[in-house]
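# Residue-level structure breakdown
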Amino acid sequence: MENVEISFMKMVKTFRRECHRVSRSERTTVHGPDNMLMVLQLAIADVNKKQSGEFKVALSDVLNAWKHLLLDKLHLQPPDCAHLENYDLIRETYESFLKRSNTMDLVDLFFKYQQLKLVSDPDESLSPTQVFEFLSGNNGLLESSDSSVPSTPSKHCIAKVNAAVRKVFCSYLSLLVNTKNDLAVALTLDVPSRALGHQTFTDIKYAARKNNTSLFLAVTSFVRAIQLGGKGYAPPQEDPLRKHVKGLSEYVQFIDNLEEILGEVPDPSICGARLVSAIKSALVKGCCNGDAVKSAAEEMGKQLTDRICQLHELQKRSANVSGTGISPARPKAYAVNHATAYGGRDTVKVLLALLDEEALAPPCQNKADLLSEDQPTLNGAQAICVLSLFRSPEVSTGSSPEPLKNRVRSRLDLIKPKPTEKLIRSQFACTYNDEELPLNRVLDFPSTSQVPTCVHPAPKITPRVAEKDEAKSSQCSELIGAQQGTVLGARSGNGQKQGVGVGSRKKTAPQEQGKGSKRKQADSGHIRGSENEPPRKRPLCTKSVNNALNKKKLIAGQGKLTSFFRV
């Protein structure tokens, strides 16, 4: 086991020294076995999302695909010669994730070393079978050592918290070296709590996919546009990231503070100690004295600070023996600001060495603890789980509405008639519009052209005009009665008698004409009744007409005012 780790360390050092020959970026980070397994889990879930619509994967499927992936990449024959379903899509998704995040796994590092190996290097490279045994964790020595130590639930929980806190430390340091590492962004976005939950990460993921960039670049570009863009270049108001401006600004500001420390402090030991101290202060903020996260942060911070100082001493000794080393952050000849390009070169070398050692750590034996969604809570809000973060939140379909009691109550409130308030109306009551008309009025008066009579003022009626109107009405009634009598007389057999009666009435005295006219009206009404026709209404007397007109009489100027309010 120790020989395998030493051989891997030699391969890593050779790669760092000659990486510019086989890689575009000199800050490419390496994924260890645990990170490789997490990336594979995301790749399988992504394929399942495309095939079945669910971003989920079983632990057995991940372990089976893990075995196939290692054997395929190391050019070893699978034991059962069986081809895994959708394996080509899974491997393509896995490789694209590594390429997009500017990372590589230990299998790629093994083959890169085969290309970079010089003739002078000792031939102590590992075989593909040894690499497979190391990555799969099939080592009897490791299993026996783990089984010999009894494990209690409390110690197991403390170990999980320590591993999670150490992973957060290394993720922050990895972002200082390689900002394209999406896995590091997922592990540090909401640790400590910045109110950036699942929905925030999903919005960032969609923005990065839309612009074909990394997660960190999507966050920083949005925050920079908000801070420096102005009205013309600021993101639109409907941008989903607008809802998380405060938390994203805090995250970017924290990374900026770490980068300032990296560029301003030239000594790697002091710079590394200050970086670890800043991360530890952010993690323990708001934690109690007996909190497991606080104790784990203090312990992991001390270990990382000591290891950074040791790596710095080792690099200084090797530089004194072999001359000036080559930094992985070598500035280009066309760099505009050489001071910025050279800032933090030695510290970046130390951080890369630390991250390479973390990648070469033995794999976790309990795969369920590593890949399950039951992860220790470090931010006080929710547990850290990469699979749940990359899974888009489910959209509510309305299948589970509010309780039945609330729905019935709201329905009754809608049906229940609302009480109308009694209003005190003035003399211009005709200008008010009722809210709802009764149904019988709607049916009786369907025409909208009818206008209330109060719109136009009625003329004043004098007694002389009333007498003239009464005389006209009486003459009209006599003519109508005479016409009806002639018509009815032609139909009935009593026409002669009626004609005699009419002639005799003509020979009467003038003072009896009034009585004769009334008799004609009565006779005509009697004849109409005999023919099954509706009786005609008798004309109102002069007094009743005058009383009704006086009631409807308007005051001076009320007609104009009424028409004004109707307009």
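Residues numbered from 1 in each chain as written. Predicted model: local features only at pLDDT ≥ 70, side-chain atom pairs only at ≥ 80, totals over all residues. Heavy atoms only, no water.

### Some details on the overall build of the chain
For the record, the criterion: Runs of E in the DSSP output that reach at least two residues are strands. Runs of H or I that reach at least four are helices, and both are numbered from the N terminus. Using a 1.4 Å probe on the protein chains alone, a residue whose accessible area is under 20% of its type maximum counts as buried, one over 50% counts as exposed, and one in between counts as partly exposed. Contacts between residues were defined by any pair of non-hydrogen atoms, one from each residue, lying within 4.5 Å. Exposure was quantified through the Shrake-Rupley algorithm and a 1.4 Å probe, taking into account, for residues, occlusion by the shown protein chains and nothing else.
In terms of regular secondary structure, the chain is built from 26 helices and two strands. For the chain, the residues scored as buried account for 35% of the 567 residues in total. Put simply, 72% of the contacts in the chain that link residues at least 6 apart link residues at least 24 apart. As presented, the chain carries roughly 35900 Å² of accessible surface, and 54% of it is formed by carbon and sulfur atoms.

### Focus on the packing of helix α14 (residues 268-284) against helix α17 (residues 345-359)
Axis angle and axis distance: for two packed helices, these are the angle between their axes and the distance between the axes, and together they describe the pair. The condition is simple: Only the stretch in contact is used when fitting a helix axis, every axis being a line fitted to C-alpha atoms; angles between N-to-C directions are given from 0 to 180 degrees. By convention, the crossing between two helices is left-handed when the near helix turns anticlockwise from the far helix through less than a right angle, and right-handed when the turn is clockwise. Residue classes follow a fixed rule: Ala, Val, Leu, Ile, Met, Phe, Trp, Tyr, Cys and Pro count as nonpolar, while Asp, Glu, Lys and Arg count as charged, and any other residue, Gly among them, counts as polar.
Direction vectors running N to C along α14 and α17 enclose 65°, while the axes themselves pass 9 Å from each other. Of the two elements, α14 crosses α17, and the hand of that crossing is right-handed. Of the residues in α17, those touching α14 at Pro 268, Cys 271 and Leu 275 are Asp 346, Thr 347, Val 350 and Leu 351. Looking at the contact of α14 with α17 residue by residue, the classes come out as five nonpolar, one polar and one charged.

### So, the packing of aromatic side chains
Rules: Any Phe, Tyr or Trp ring, taking Trp's six-membered ring, that has another such ring centre within 6.5 Å forms a pair; planes under 30 degrees apart are called stacked, those over 60 apart edge-to-face, and the others tilted.
The tally for this structure, following the rule as stated, stands at six aromatic pairs. Consider the rings of Phe 201 and Phe 390, whose centres lie 5.0 Å apart with planes at 75°: the pair is edge-to-face. Note that Phe 201 is positioned in helix α10 (residues 198-211) and Phe 390 in helix α19 (residues 386-390), a separation of 189 residues in sequence. By the burial criterion, Phe 201 is buried, and Phe 390 matches it. Members of the aromatic cluster, each reached through a chain of ring pairs, are Phe 97, Phe 201 and Phe 390.

### With respect to the nonpolar core
In plain terms, the rule: What makes a nonpolar core is a set of buried Ala, Val, Leu, Ile, Met, Phe, Trp, Tyr and Cys residues whose side-chain atoms join them at distances within 4.5 Å.
Residues Phe 8, Leu 135, Val 165, Phe 169, Leu 248, Tyr 251 and Phe 390 are the most contacted members of the largest nonpolar core, which totals 113 residues. When residues in this core are grouped by element, the largest group, 11 residues, is from helix α8 (residues 153-177). If sequence neighbours within four positions are ignored, Phe 8 has contacts with Leu 106, Leu 126, Val 131, Phe 134 and Leu 360.

### Observations concerning the pattern of salt bridges
Rules: Any carboxyl oxygen of Asp or Glu within 4 Å of a side-chain nitrogen of Lys or Arg constitutes a salt bridge here.
Taken as a whole and judged by the stated rule, the model has 13 salt bridges. Between Asp 108 and Lys 73 there is a salt bridge; the shortest N-O distance is 3.2 Å. On the criterion of sequence distance, the pair formed by Asp 108 in helix α5 (residues 106-116) and Lys 73 in helix α3 (residues 59-73) is long-range, its members being 35 residues apart. Overall, the relative accessible area of 5% leaves Lys 73 in the buried class. One salt bridge in this structure joins Arg 166 and Glu 358, with 2.7 Å as the shortest N-O distance.

### Some points on the packing of helix α2 (residues 33-52) against helix α4 (residues 87-100)
Put simply, the test is: When an angle is under 35 degrees it counts as roughly parallel; over 145 it counts as roughly antiparallel; between 65 and 115 it counts as roughly perpendicular; any other value is oblique.
For the pair α2 and α4, interaxial distance at closest approach is 9 Å and the crossing angle is 125°. One element, α2, and the other, α4, form an angle in the oblique class. The two elements α2 and α4 meet at a crossing, and its hand is right-handed. Contacts from Met 36, Val 39, Leu 40, Leu 42, Ala 43, Ile 44, Asp 46, Val 47 and Gln 51 in α2 reach Leu 89, Ile 90, Thr 93, Tyr 94, Phe 97 and Leu 98 in α4.

### Examining a nonpolar patch on the surface
Going by this rule: For patch building, the residue pool is restricted to those with more than 30% relative accessible area and no salt bridge; the joining distance is 9 Å between like charges and 5 Å between nonpolar side chains (Val, Leu, Ile, Met, Phe, Trp, Tyr).
Together, Leu 561, Phe 564 and Phe 565 make up an exposed nonpolar region whose accessible area comes to about 320 Å². Summarising the element assignment, Leu 561 is placed in helix α26 (residues 558-566). You can call Leu 561 partly exposed: its relative accessible area is 30%.

### Quick look at helix α6 (residues 128-136)
In an α-helix, one turn spans 3.6 residues; hence positions three or four apart end up facing the same way. Looking at α6, one finds that the buried residues are Val 131, Phe 132, Phe 134, Leu 135 and Ser 136. Immediately downstream of α6, the backbone of Gly 137 shows phi near 80°, a positive value.

### Some remarks on unusual backbone geometry
Here the residue pair Val 191 and Pro 192 is connected by a cis peptide bond, since its omega of -5° sits within 30 degrees of zero. Relative to the helices and strands, Pro 192 is located in the loop between α9 (182-188) and α10. Unlike most non-glycine residues, Asn 86 shows phi in positive territory, near 60°. A positive phi is found at Asn 212, a non-glycine position, where the angle reads about 55°. In this fold, Asn 212 is placed in the loop between α10 and α11 (215-228).

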